[in-house]
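Okay, here's what each chain looks like letter by letter:
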Amino acid sequence: MIQPGPLHIKNLKVDPPLILAPMCGLSHTVLRQLILEYTGCGLFYSEMLSARALPLESPDSSPWLRTTDRERPLIYQLLVSHPTELAAAIEKIESCGGDGLDLNMGCTTALITKRGGGIALMKDPKRAEAIVSTSRSATDLPLTAKIRLGWTLDWGTLKEFCSMLQDTGVDAISIHPRLRQDRLKRPARWEYIGRIKELLDIPIIGNGDVDSPESAMRMFKLTGCDAVMIGRAAIGRPWLFRQIAASIWPQSYPVTLPVPSEAFNRFVSLLESCFEPEYALPLLKKFTFYFAQNYAFGHTLWRLVHNASSLAKAAALANDFFSTQTVTG
Ligand SMILES: Cc1cc2nc3c(=O)[nH]c(=O)nc-3n(C[C@H](O)[C@H](O)[C@H](O)COP(=O)(O)O)c2cc1C
């Protein structure tokens, strides 16, 4: 059995090479703290942060920048459409102690692509190149880019785009191998992770549809990627990194048996201590959408939390639900 080793992104060591994906409204301090309690995640990405708005945010008041010293390493992801937006945003990331900077080149939301951000950059390689080269000149921090396959499936264009990223100074690429119109539908085309890995010298982070130790190992084996990045499955099961680590590196990560209701209650208490009530309740609702999938009647849990008017009421209703349910496994 192959045992993937630590990933090095420039001078940043990622050990184990298992990574939390950037997810808007989900990859925040509370999810990171919960994942840390289970261990097994070697690198966190923040949710996407607007390069234009970021300079005005303060880590003390901004829910998006809130973090603790333990949530490391942490790479901040920037949503950027023009090189002029970068200087102040990168300065802010450095002042917040970020361990790296990621450029979002994969977001498919229409509002964002219309403004030239996210996957719109894959259609405009000259502007993408200018953004990478300005970022590279502005910071010595590890610089990564997160891409999709593009707007249409065209290996020649994709190959050129990835080579441009490497040649312009990107230190690692995360690949979510879906097209723009795929959104999150149809299976991720992992074969493209392998093809890009063969093409480039910099580390490649594979992403898309990993939801178990078996699928993580399959992605490592089939694509040769240097690290696996996990999004949705890690929200519902914050212990997933630990389970994957325990199956690949059992000598370092003994097996644990998570109790989902305990994870939910811990999430609620971290939300209470980290966020004001007006932020905490919507964040619990977003989390519960994914967490509910642990239960056969998860839609009931989702509805109860979704309709609750306070965090305390949501937690009470959820605990009534847990007392009558079994976990689907
Ligand atoms: C609710 C949600 C929010 C997301 N927000 C971001 C984001 O801010 N930046 C980004 O690059 N990708 C974002 N993504 C995409 C994920 O990072 C990831 O590429 C995608 O979910 C596929 O991985 P998975 O199958 O492990 O979930 C988001 C995905 C979801 C479901």
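Above this text is the structure in question.
Residues numbered from 1 in each chain as written. Predicted model: local features only at pLDDT ≥ 70, side-chain atom pairs only at ≥ 80, totals over all residues. Heavy atoms only, no water.

A. Here's a closer look at the overall build of the protein chain. Helices and strands together make up the secondary structure of the protein chain, namely 13 helices and 10 strands. Its C-alpha atoms give the protein chain a radius of gyration of 19 Å, near enough to 20 Å, the size a compact globule of 329 residues would have. Projected onto the principal axes, the alpha-carbon positions of the protein chain cover approximately 55 × 50 × 35 Å. Taking the intrachain contacts of the protein chain between residues at least 6 apart in sequence as the baseline, contacts between residues at least 24 apart amount to 70%. If you sum the accessible surface of the protein chain, you get close to 13900 Å²; carbon and sulfur atoms cover 53% of it. In the protein chain, the 35 positive side-chain charges and the 32 negative ones have mean positions that sit 6 Å from each other. (Helix = DSSP H or I, 4+ residues; strand = E, 2+ residues; numbered from the N terminus. Rg over C-alpha atoms; globule rule 2.2 N^0.38 Å. Contact = heavy atoms within 4.5 Å. Areas by Shrake-Rupley, 256 points an atom, 1.4 Å probe, with all protein chains shown as cover. Lys, Arg positive; Asp, Glu negative; His and termini not counted. Charge placed at Lys NZ, Arg CZ, Asp CG, Glu CD.)

B. Local environment of the sheet that holds strand 9 (residues 204–207). Reading around the circumference, 3-4-5-6-7-8-9-10 is the order of the eight strands in this closed barrel, with parallel pairing throughout. Taking the axes of each pair of neighbouring strands and ignoring which way they run, one obtains an average angle of 25° across the sheet. With two bridges joining them, strand 3 (residues 18–20) and strand 4 (residues 43–50) adopt parallel strand pairing. Bridge assignment links L20 to a residue of strand 4, and that residue is F44. Sheet strands in contact with helix 2 (residues 86–95) are strand 5 (74–79) and strand 6 (100–105), and its direction is about 160° off that of strand 5. The strands that helix 9 (residues 240–248) touches are strand 3 and strand 10 (227–230); relative to strand 3, the one it contacts most, it runs at about 175°. (Pairing = 2+ DSSP bridges. Axes fitted to C-alpha atoms, helices over the stretch in contact; angles between N-to-C directions.)

C. Region of the structure containing the pairing of strand 7 (residues 143–147). With respect to burial, strand 7 is a largely interior element, five of its five residues being buried. Here five bridges tie strand 6 to strand 7, and the two strands are oriented parallel to one another. Looking at the pairing, M105 lines up with I147 of strand 7. Handedness of the β-α-β unit built from strand 7, helix 5 (residues 155–168) and strand 8 (residues 172–175) comes out right-handed. (Buried < 20%, exposed > 50% of the residue type's maximum accessible area, 1.4 Å probe, protein only. Right-handed = clockwise from strand over helix to strand, strands pointing away.)

D. Spotlight on the packing of helix 4 (residues 125–138) against helix 5. The N-to-C vectors of helix 4 and helix 5 enclose an angle of 20°; their axes lie 9 Å apart at closest approach. Of the possible angle classes, the one that applies to helix 4 and helix 5 is roughly parallel. Helix 4 and helix 5 meet at a crossing whose hand is right-handed. For the pair helix 4 and helix 5, contact is made by P125, A128, E129, V132, S133 and R136 and by F161, M164, L165 and T168, respectively. Taken together, the residues that form the contact of helix 4 with helix 5 break down as six nonpolar, two polar and two charged. (Parallel < 35°, antiparallel > 145°, perpendicular 65-115°, else oblique. Left-handed = near helix turned anticlockwise from the far one by under 90°. Nonpolar A, V, L, I, M, F, W, Y, C, P; charged D, E, K, R; others polar.)

E. Representation of the site of the ligand. With respect to spatial proximity, 18 residues lie near the ligand, and among them P22, Q77, N207, D209 and R232 are the closest. A distance of 2.8 Å is found between a nitrogen atom of the ligand and a backbone nitrogen or oxygen belonging to C24. At 2.8 Å from an oxygen atom of the ligand is found a main-chain nitrogen or oxygen belonging to G231. Relative to its unbound accessible area of 610 Å², the ligand is 87% covered by the protein chains. Tallied by class, the residues present in the shell around the ligand amount to nine nonpolar, six polar and three charged. (Near = heavy atom within 4 Å. Polar contact = N/O pair within 3.5 Å; in protein donor to acceptor, adjacent residues only side chain to side chain.)

F. Quick peek at the packing of aromatic side chains. Counted according to the given criterion, the structure contains 15 aromatic pairs. Measuring from centroid to centroid gives 6.0 Å for F291 and Y295, while their planes differ by 55°, and the two rings are tilted. Each member of the pair F291 and Y295 is classed as buried. Aromatic pair F291 and F322: ring centres 6.2 Å apart, planes at 75°, arrangement edge-to-face. Taken as a pair, F291 in helix 11 (residues 277–291) and F322 in helix 13 (residues 311–322) lie far apart in primary sequence, 31 residues in all. The same class applies to F291 and to F322, which are both buried. Taken together, the ring pairs connect F264, F267, F287, F291, Y295, F321 and F322 into an aromatic cluster. A cation over a ring is seen here: K123 above W151, with NZ or CZ 3.9 Å from the ring centre. For R195, the ring lying beneath its charged end belongs to W155, and the centroid distance is 4.3 Å. (Phe/Tyr/Trp six-rings, centres within 6.5 Å; stacked < 30°, edge-to-face > 60°. Lys NZ or Arg CZ within 6 Å of the ring centre and 35° of its normal.)

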